[in-house]
Each structure stands twice: as C-alpha cells, then as structure tokens.
Amino acid sequence: MRRPRSGDHRTGFGVFLLGTGMGLITNLVTGDPEHWPRVLRPVSENAPLIGGLLLAGVGAKAAFDLWRRGVRRPEWTGDNPYPGLLAYTERWAGVFFGRQTEIQELVSRVRQAHAPPARFVPVVGPSGSGKSSLVLAGLLPALRGGPDVRIVEPFTPGANALGELAAVLGADLKDEAGTVLAAARAGDPPPRPDTALAALATLRSGSRGLLLVVDQLEEAVTLCVEEDRHSFLALIEAMLVWDPRLRVVTTVRSDTVGAFQHGPGRDLFRRPLMVNVLGAREIREVVREPARLTATEFDEGLVDEIVRDAGGGDALPLLSYLLSDLYRGAARDRHITWREYRAGGGVSGAITRQAQAAVGELGGDTLDFCLDTLLRFVTVGPGGATTRQPVRSSSLSDRQRRVVQAFVDARLLVSDTVDDEVVYHIAHEALLRQWQPLGDHVVAHEENLRRLSELVPMARAWLRAARNPEYLIGGARLVDAMTWAGDGHGLPGELREFLDESQRNQAGELDRRADLVAREAFSVLPAEPEVALALALAACTELAPTRLAVCALEMTLAEGLVRARRYSCGVASLAFDRSGRLAVGCEDGSVERGEVPITAGLGDSVTAVAYGPHGDLAAASMDGTVITCDLDGRTTGKLQLEGWGIVRLAGAPDGRWFVGRADGSVRVADRDLREAPVIHAAGSPVYAIAAAADGSLVAGCGDGTVVVWDPAGREIGRRRGHDDAVFAVAAGPGGHIAAGGRDGSVVVWDAAGKTDLRAEHPGTAVTALAFAPDGRLACGFADGLVRVVRTAQPHILAGHDGPVSAAVFAADGLLATGSRDRTVRVWDLDGRSLGIVCTDGDGPGLTTERGPVLATAPDGRTMTRSGTTVVVLEPDNTRHVLPSTEAADITVAAFAPDGRFATGARDGSVRLWDENCSFLYAIPPSPGPVTSLAFTEQGCLTVGHPGMIRTWPHGTELDRLLTVAARQPRHSLTSAERRSAQLSWAEDGGTAS
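On a predicted model such as this, the values are computed, not experimentally measured, just so you know.

Enquirer: How should I be thinking about the overall build of the protein in this particular structure?
Expert: Counting secondary structure elements, the protein contains 28 helices and 52 strands. A sequence separation of at least 24 residues applies to 58% of the contacts in the protein between residues at least 6 apart. Just so you have it, the protein exposes about 43800 Å², and 51% of that area is on carbon and sulfur atoms.

Enquirer: Honestly, the pairing of strand β51 (residues 941–945) in this entry has me stumped. Any pointers?
Expert: Side-chain direction in a regular strand flips from residue to residue, so the side chains alternate between the two faces of the sheet. Of all five residues that make up β51, five are buried, and the element is covered over most of its length. Residues of β51 alternate between two faces, with Leu-941, Val-943 and His-945 on one and Thr-942 and Gly-944 on the opposite face, all of them buried. Summarising the sheet, strand β50 (residues 932–935) and β51 pair through four bridges and their orientation is antiparallel. When the bridges of β51 are listed, Ala-934 appears paired with Thr-942. With five bridges connecting them, β51 and strand β52 (residues 948–952) associate as antiparallel partners.

Enquirer: Just checking my understanding: could you explain the nonpolar core for this structure?
Expert: Most often, soluble globular proteins keep nonpolar side chains buried together rather than apart. Grouped together as the largest cluster of nonpolar side chains are 83 residues, with contacts concentrated most on Leu-139, Leu-211, Phe-298 and Phe-407. When residues of this core are assigned to their parent elements, the largest contribution, eight residues, is made by helix α5 (residues 131–143). Apart from residues no more than four positions distant in its own chain, Phe-407 is found in contact with Ala-355, Ala-358, Val-359, Leu-374, Leu-412, Leu-413 and Trp-435. Ranked by size, the runner-up nonpolar core spans 53 residues in total, among them Ala-521, Phe-522, Leu-543 and Val-964.

Enquirer: How do you make sense of unusual backbone geometry when you look at a structure like this?
Expert: A negative phi holds for most residues other than glycine; trans holds for most peptide bonds. Positive phi outside glycine occurs at Asn-877, with the angle close to 75°. With respect to the helices and strands, Asn-877 occurs in the loop between β44 (869–873) and β45 (879–881). A relative accessible area of 56% means that Asn-877 is categorised as exposed. Here Cys-917, not a glycine, exhibits a phi torsion of approximately 70°, which is positive. Among the secondary structure elements, Cys-917 is positioned in the loop between β48 (910–913) and β49 (919–923).

Enquirer: Could you clarify how one ought to interpret the sheet that holds strand β19 (residues 617–621) in this entry?
Expert: Strands belonging to one sheet form pairs held by backbone hydrogen bonds; the direction of such a pair is parallel or antiparallel. The four strands are arranged β18-β19-β20-β21 in an open sheet whose pairing can be described as antiparallel. Only two strands of the sheet have a single neighbouring strand rather than two, namely β18 (606–611) and β21 (635–640). Averaged over all pairs of adjacent strands, the angle between strand axes in this sheet comes to 15°, irrespective of strand direction. Across five bridges, β18 lies against β19 in antiparallel orientation. Counted as the bridge partner of Ala-608 is Ala-620 from β19.

Enquirer: Is there a simple way to explain the pattern of salt bridges in this structure?
Expert: Here the idea is simple: oppositely charged side chains can pair when their charged atoms come close. Applying the stated criterion across every chain, the model contains 44 salt bridges. Notably, a salt bridge pairs Glu-447 with Arg-450, separated by 2.6 Å at the nearest N-O pair. With a gap of three residues between them, Glu-447 and Arg-450 both fall in helix α21 (residues 446–464), about one helical turn apart. Here Asp-616 ties to Arg-671 by a salt bridge, and the two come within 3.3 Å at their closest N and O atoms. Placement of the pair is Asp-616 in the loop between β18 and β19 and Arg-671 in the loop between β24 (665–669) and β25 (678–681), with a sequence separation of 55 residues. Judged by relative accessible area, Asp-616 falls into the buried class, the value being 7%. The class of Arg-671 is partly exposed, set by a relative accessible area of 40%. Via salt bridges that share partners, Glu-447, Arg-450, Arg-451, Glu-454 and Asp-480 belong to a single interconnected network.

Enquirer: Looking at this structure, how should I read the sheet that holds strand β10 (residues 391–392)?
Expert: Judged by pairing direction, the sheet is antiparallel, and its three strands sit side by side in the order β10-β12-β11 without closing on themselves. For this open sheet the edge positions go to β10 and β11 (413–418), each flanked by a neighbour on one side alone. Where β11 and strand β12 (residues 421–426) come together, six bridges link them in antiparallel fashion. The residue bridging Val-418 from the neighbouring strand is Glu-421, located in β12.

Enquirer: In this structure, what is going on with the packing of helix α12 (residues 280–293) against helix α13 (residues 302–309)? I would like to understand it.
Expert: Packed helices, taken two at a time, are described by their axes: the angle between them and the distance between them. Where α12 contacts α13, the axes come no closer than 10 Å and their chain directions differ by 125°. Here α12 is positioned oblique relative to α13, judged by the angle of their axes. The element α12 and its partner α13 pack so that their crossing is right-handed. Contacts from Ala-280, Ile-283, Arg-284, Val-287 and Arg-288 of α12 reach α13 at Val-303, Asp-304, Ile-306 and Val-307.

Enquirer: How do you make sense of the side chain of His-230 when you look at a structure like this?
Expert: Residue placement: His-230 occurs in helix α10 (residues 226–242). The exposure class of His-230 is buried, given its relative accessible area of 8%. Filtering out sequence-adjacent residues up to four positions away, His-230 remains in contact with Leu-181, Arg-185, His-262, Gly-263 and Pro-264.

Enquirer: Would you take a moment to explain the packing of aromatic side chains for this structure?
Expert: The geometry of two aromatic rings is summed up by the distance between their centres and the angle between their planes. Scanning all chains against the criterion turns up 13 aromatic pairs. A ring pair is formed by Trp-76 and Trp-92, whose centres lie 5.5 Å apart and whose planes are at 25°; its orientation type is stacked. Of this pair, Trp-76 sits in the loop between α3 (47–69) and α4 (100–112) while Trp-92 is found in the loop between α3 and α4, placing the two residues 16 residues apart along the sequence. You'll find Trp-76 and Trp-92 in the same group, each marked buried. A connected cluster of aromatic rings, assembled from ring pairs, spans Trp-76, Tyr-88, Trp-92 and Phe-96. Seen from the ring of Trp-462, Arg-467 lies directly overhead, with NZ or CZ sitting 5.3 Å from the centre. Arg-787 extends its terminal NZ or CZ atom over the ring of Phe-781, reaching a point 5.0 Å from the ring centre.

Enquirer: Even after reading the chapter, I still don't get the UniProt feature "repeat: WD" (unreviewed entry) in the protein, so can you show me in this structure?
Expert: Cross-referencing UniProt, the feature "repeat: WD" (unreviewed entry) maps to residues 719–759, 797–830 and 883–914 in the present numbering. Strand forms 50% of residues 797–830 and helix 0%; the C-alpha atoms that close the span are 13 Å apart.

Enquirer: Just to check I follow, could you spell out the confidence of the model for the protein for this structure?
Expert: Low-confidence regions, as indicated by low pLDDT, have predicted coordinates that should not be scrutinised in detail. For the protein, per-residue confidence averages 83 on the pLDDT scale, and residues scoring 70 or more make up 87% of the total. pLDDT under 50 marks residues 841–851. Its contacts with residues more than four places away, or in other chains, come to 28 contacts. Ignoring residues within four places in sequence, the model shows residues 985–993, a span with pLDDT below 50, making 22 contacts including any to other chains.

Enquirer: I would appreciate a short explanation of the packing of helix α24 (residues 529–543) against helix α25 (residues 547–558) in the present structure.
Expert: Interhelical geometry of α24 versus α25 gives an angle of 150° and a closest axis separation of 8 Å. Considered as vectors, α24 and α25 are oriented roughly antiparallel to each other. In the crossing of α24 with α25, the sense of the turn from one axis to the other is left-handed. Counting all contacts with α24, which are made through Ala-532, Leu-533, Ala-536, Leu-537, Ala-539 and Cys-540, the residues of α25 involved are Ala-549, Val-550, Ala-552, Leu-553, Thr-556 and Leu-557. For the contact of α24 with α25, the class distribution of residues is 11 nonpolar, one polar and no charged.

Enquirer: Help me understand α12, please; the structure alone is not making it clear to me.
Expert: One turn of the α-helix equals 3.6 residues, which is why residues spaced by three or four share an orientation. Taking 1.5 Å per residue, 14 residues should reach 20 Å; α12 reaches 20 Å between its end C-alpha atoms and fits that length. When we look at burial in α12, the residues that qualify are Glu-282, Ile-283, Val-286, Val-287, Pro-290 and Ala-291. Following α12 by one or two positions, Ala-295 has its phi on the positive side, about 60°.

Enquirer: Sorry, what's going on with the pairing of strand β15 (residues 582–586) here?
Expert: When you tally the buried positions in β15, you get five out of five residues, the bulk of the element. Across the two faces of β15 the burial is the same, with Leu-582, Val-584 and Cys-586 and Ala-583 and Gly-585 all buried. Taken together, the five bridges between strand β14 (residues 571–576) and β15 define a ladder with antiparallel strand orientation. Counterpart to Leu-574 in the pairing with β15 is Val-584. Between the antiparallel neighbours β14 and β15 lie five residues, among them Gly-580 with a positive phi of about 95°. Here β15 runs beside strand β16 (residues 591–593); their pairing, made up of three bridges, is antiparallel. By the bridge assignment for β16, Gly-585 is matched with Val-591. Here β15 folds back onto β16, and the loop between the two strands holds four residues, one of which, Gly-589, carries a positive phi near 90°.

Thresholds, definitions, all that
Residues numbered from 1 in each chain as written. Predicted model: local features only at pLDDT ≥ 70, side-chain atom pairs only at ≥ 80, totals over all residues. Heavy atoms only, no water. Helix = DSSP H or I, 4+ residues; strand = E, 2+ residues; numbered from the N terminus. Contact = heavy atoms within 4.5 Å. Areas by Shrake-Rupley, 256 points an atom, 1.4 Å probe, with all protein chains shown as cover. Buried < 20%, exposed > 50% of the residue type's maximum accessible area, 1.4 Å probe, protein only. Pairing = 2+ DSSP bridges. Core = buried A, V, L, I, M, F, W, Y, C linked by side-chain atoms within 4.5 Å. Axes fitted to C-alpha atoms, helices over the stretch in contact; angles between N-to-C directions. Salt bridge = Lys/Arg side-chain N within 4 Å of Asp/Glu carboxyl O. Parallel < 35°, antiparallel > 145°, perpendicular 65-115°, else oblique. Left-handed = near helix turned anticlockwise from the far one by under 90°. Phe/Tyr/Trp six-rings, centres within 6.5 Å; stacked < 30°, edge-to-face > 60°. Lys NZ or Arg CZ within 6 Å of the ring centre and 35° of its normal. UniProt positions renumbered as here; feature names shortened; annotations may be inferred. pLDDT = per-residue confidence, 0-100. Nonpolar A, V, L, I, M, F, W, Y, C, P; charged D, E, K, R; others polar. Expected span 1.5 Å × (residues − 1).

Right under this line is the structure:
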C-alpha cells in the first residue's frame, strides 16, 4: 500500500484545528467570565461568532483542496461520445469515465513529486487497459489551465525516439545525448545538458513546472534500435536531474517494462503507476455516463448484458468500438436496442464483423492478400509479443493502398500525416487478437516478423544517419539476413536497400580490412611471429582471402617460425618436458617454466636447465649451485659444488641427474640431490653432457674427446673426431651420438661407434646440438645460424643476432633455439617453405643490376635511380616515383612475371610492390645488405645476401597454408592486440569491429 504523504491530509489537519478551536471556545463559553482577565472577557461575549468563523475557514480550505485535487470534467459538445478503437484524448475528456481514482492519484504524483525518479511517472498496464486514455483524457485536462504546470504536446517515440524528443523541444540533441549516454555507461553522474535545459526553459515560459508526456513508450523497444533507446532515456534522466521543475509521464505496455529496467534510465521505472482492468462498476460508468450526456437510452437490461460481456484484457477497446457502432446506428432516435446489439456481434464480435465486411468489399478472394498487407503493420517486441507499427503510404503498392483504405473506412486502421506524407497504423492492437484470420496469419509468419523487427530499425537508423556506412551490418549477421531474405519474403523498400548496400559495403570493406590486417601481420612478423600468424589467419578466414592476405599467411609460415620471445638478458639453456612446456634459463640467474617465472634462488648466470621424467625441473648456475623444483615451483633439493665455472645438467629416465663441470668432473645425483657421487674426474673441462633414452650418458670435453657411460655409470667408450674442445653433444634415437666443437665441425656416430656424418663449418664454433625424435639434428652456431641436417630437406634457420646457446626438440617435433641475443625462437620445420643456401659470394646465378637502371620488365617497364629518387617508367612514358623514405637505400630491384616488383636495400630489407607501384609488404630482413634479386617463372623471389641466398615461396594454395597453420600452436589475439588492429583500421578511414 502506498504510504500517505503529508500533502494528502491538508484538509484533515484543518479539521484538527477546527476541533481544537471549538473545544477552546466551548470551555470559554461554559466557564465563569467574571474570573477571566479583563483582556479575555470580549472572547466570551463573541464566542459564537468566533466559532462560526473557524468553521467557515476550515470548510473553505477543504473545498479549495477538493477543487484543486479534483477532476474538472469539460462539457461534452460533440456527437458520438464513444471513440471506437482510438484512445480517449483531451477532446474526449468530457465523456471519459471509470478512472476517477487513478486520475486523482496521477495528478497527486505529478504535483507533489520532488526527487528526480519520483518526477518520472511510468503508467504501466497491458494492451487495451486504457493507459493512453488515462493520461490524455484524464490527467491532462485535470492539469490544463492551472498555474503550476505547463504541458508540452504529447508525442510517441516512433522509430526515432531521440529525434521525436528533439522535434518537441525544438533543439538538436544528438551530440548532447551522446555525451550523457557515455557518462551513464561509465557510471558517472549525468553532465548538464545545456541545450535541452534551455529548450525546457523556453517551453516553460514562466510556469512553475513543465510536463512532458511520452505516449506508447514501448515503441522505443519495438521500433527503435537499442542505442537510440538508451540515448533517449539517458537524456531524459539527465533533464530530470538538472531541472527540478520538469515532470515526465509516460505510458508503457507492461510486457516491455523489462527492457527499460536495465541500461540507462533504469532507476526511473522503480515506482510505476499500474493500470488494471476495470471492474463492473467502472465499466457500467463507461457505458451509461456518455449515453446520459447525449440523451441516449438502452433497452431494459442491455447495459447489464454489455457489462457481463466486457471481460479480458481487450475489454475497453472492444467495448468502445461496439458502443461507437451502436450509437451511430441509433443516431436518429438515440435508443440502442437488443436487436442492434446482437446484430453487431456483441462485445467480442464487433471487430470481426467489421474486418470481414472490409474484406468482402474488396472481393472474396482477396483475404490472403489482405492479411499479407496487414502484416506490414505488425512487429514483434520483447518476448515475442506482437505490436503495431506505422507504415508510410509511399512504401505501399496501389493494390495494398486499396486494402488499407478499406480498413480505414472500417475504422480498423487510421491515417495521419507525418513530414507531408500519409502514414497509416492499426487503430488498436485488439485487431491482432480478436480477428482470428489475422491472429493465425501473425502466428504463421512469426519468424518473418521477428526478423523484420530486428532489421527494419537498423535500416531506418542507417537512413537517418544519411546512409553512413558505419550503420551497415556485416559478417554472420549479414549472411543470416541475406539467407532469410532470399527465401522470397516481401521486404520493405528501405530494408531491401539497406541489405543490398550492406552486401556491397562488406564486399569492399572485408577486402580492405583483410589487406590492412595483412599489413599489420607483416609489420609484427620479425618480432612477434605468433601474433603475425594469428593476424594473417584472421585476415584470410574471418575477413577475405585477398591476394595480400594469402601472401601474408604464406610469409608468416615460410620461415616456420612459430614464436619468438625476447628476454632482458642472454638465454643460456632450454629444455622441453613431455607435455611441451619450455623451460628457459637466463644469464641473469632467472628461470621460467611455460613462460611463468619460478623462484630458483640462483644468484649467478644459469648455465643449464633440464627436466626429469616426472616433470620436475633442475637448474644450475655458474657459482656451482644446483637446485630441483616440483611442478608448483617449490624447491625440493639443492646441491652446492665448490668453485666457480660452467655446470651442465641432464635428466636420466629413472629420475637421476647427471651433473658435469668445467673442472672435469661428472656426477650422478639422486632425484632430491642428497647424494652426488663422482663417476668421472679428469683434467679436461666438461663443456656439455646429454642423456640417452636408455639412461646412458654422453659428455663432451675440452680436449676434443666424447666420453660415454652406461646407465650404471660405467665408462663404455670414447669418441674422437675433433681437434679442439667439444662444446655441444646430443644423444639421439638408435644409439646415435652427435658432437660439435670449436673447430666448426659436427660429427655423428652410430651405436657401434662408426662415423655416420661429418660436416665442416670452419670459422664458426658449434655451440648447441639437439636430436629430434625422428633423428633430425639441429646444430646451433656462434654466428647465429641454426642448421638442421640428417633430413631430406636440410634447413638453415636465420634469425638470431648472437651465438646460439641452446637448442632442443619437443616431442611433437617443434624446435626451440635460444641465443645470447636475448631471444628464444620456436620453429615448425615441417611447415617451413623458405629455402636458404649458403654461398661463398653474393649469389651465383642471380642478376645484379647496378647503376642508373635498376631493373627492366618483360613488358617494357624500367626502374631507374637518380640520387635518392627511384622512378618506374611505363612504356607510354608515365612516371611512378617511389616514396623517398622507401627509395633512399635501394640498391637492387627485379620485376616478377605477374607485374609485381621487388626492391632491396643496403640495410637488408626487401619490399614488394604491386603492378601499380603501390607498396604491398616487406619480407623479414636478414643480416647484411641485399646484393641481388630475381624472380622465378613461378613468381618465387630469390634474395642474395653476402654468403647466403634466400628463396621465398609464392602462389601456395590457401588450403595448403591453412593445413600447415592448423598444426601450429594457435595464438589467441589479446584485447590489446585487437585494439591495436582496430586503431589501425580506424586510422585508415574504415570501421573497426
């Protein structure tokens, strides 16, 4: 129950004063005046007069309060007192009955509210309950003419709520509404809406208050896009906060209230005024009182029958429609009979009879066409509830207009003029529920209506925004909409135009976005190959497989570089566990596992990390400290060796640890490092150790020998093949052992000790070795190169700028390499398509163009250089000047068969250009200047550097690229990376989504 306010009891307080005063007078009159003070004796003499004046004053005050709060009903001077399916408006106030209690409560709430939410009164009820009539024919006449509130002309939101509000206020509110909405979404207090407040002040024109009336607010849900609704409500709320003299009353259908209870303005809907179904007494007033005012009579008992028939949510519109028909038929004698009532079909049959009559006038075979035409007036709201929507005359065909006019003549549709154009809409939603053929037709086409209710507001918003491309749809939503539209549904012209333009925009926009994302992939490829691959995949699969996007995917996969990560210092050691987690030991004493730092407690440079069979990790540092950690990173063991120098580690299959030192010792420690007996002590330093799958141990020594022990720790052999110190060893499948040394040679022995492979690389030391599960051998060198041998397709991996300090294969074949250049790189050799060959010169067999003419194309184009200016000259003498920032260091160039061309520079960069001389992309650079360029007949680009030739792939099928990419670790783009890409797109003039 609503708590009474003090203002509701003003007359009661007057009665209290009257009682007090009369009691005082009575006591004076019945007392002995002789004992009174002289100044009070006149009161006794005039007591009856004083009491009468008190009584008259309180009575006058009570009468004034009743007059002020009461409903002043205007005199009815019209003809038919029943409006039919139309809502009662101020014109019908004189015959509006049955809602006196609600009118008084509504007037009280409007006049007495002070807080911003209280000054917003949502009048809520089901369709047909009389919400609009209560406000328009009840509240407004009660307030009209008073000095306290000026009323703004009521309006409905339609398909553009903010635009309708702006039209009523006479001000442009778009920018201000956007500012207020942004504050509401950020949870900030609403900023002062100066433009709206100035308009309100002008409309108020000296009155103490201003009333804004929004009828059928549910249209903000059923006809508006969400952004427009939120902007409208956020601005209304800000106006209420900043203007204490503003009141807002809205009518809202109850099934849409939920949409207003979240988002901006939700606090405004906490105290709705509920409009319930009329009771029998009120319905009797609705029937009898208008008839009495027009001297109209009913047959005996007919009013009682009408009251009994009027039930359910559609009672008021059906009743009003029936009474309007009955009155019109009885206009001459002003007497309504039982016969006329039954002929009209009663309360529930009136609409059906009129609809069938309208169809009959058009022809008996036109029912289906009539129903299809009427569907244009129906939309679907939240929860699947159907509601009406306006339809412009210009969107109807001639035949549809004939149908509409027939239903207008039957008073089931009404017309209005908006912006000099005729607009039609259903007189009341009762038509949708009471005429069975239309109700069934709506149910049968519910999915179609739902689609229209989603898409038509978007189309209208696009038209209002002057066809701004940012309002168009794309992606899965557009595909879904076009699939539905292609099923033969009749579409409004505005929606068909919207979908066609969305298709055209997406075709060009997706290509443009794909190219932009592809360029972003090229730009981040050298430093973040995993991000580059994710971007290239997104460009090809989520946007459009343009030539540039496919090329970006091809380039990101060409080197086989899956991931590159930079550290704050040099990387000293790497290890993979069985699940593929990579452990990294760095020169600053830090250790991480799976990119998660662990507290190792090592105070010096980490020289080795190794995994045990159970996932536990061991790490060693230059100061002789060796520790082990469990899966949670807790230290489980520690071994402190004397002295300072390199310590190497290897994990045995049975959980033991092999520890080698530069002092020439080799130890076998238990899992927790409690015991570590020495199995080898020699004068030559031990620079490398490795454990085989069977538990045997291999060590590389400073004197060039390789020592082998069995699982029991007994020495079983020595291998000799190096003239200098052995810096790296590896134990591979089948008992193979590999060793590499300072002299640049790599030797592989089989299980019997016979030499299986010997490769010489003079001038650079071998610093890391690793066997893959399939027998391939990765060799890291001090010059930063990694060579993969013992494979059908040898690889040279170029990318490190410093000595390769570690190499390790994972169980799935991925190769990780670490370097003193502070990076770790992970490679997928199976997906690699870049070919690298080492040479003694600049690239034998390649044409090097120097001097003024850099390159000549088969089609007659030539590229020339003059100073820092590079020009491409067409056969017709058209000149294309390359940007000076790109052309300054160009030393070589080459044309491809398909019209593209490439340029190489002294800094090692290579850029590709299309046939129109527009920059396409740059390929990852290589150390050293570009000395030569050439294209193969297939379009592959061959780049020569001092001592190296790189051949980049071209024309790989997209399916093949996607297959290769599918087996590589997938990087999920972070919000920051997506934001960066969106900013790139926006800066290019497009839209980001």
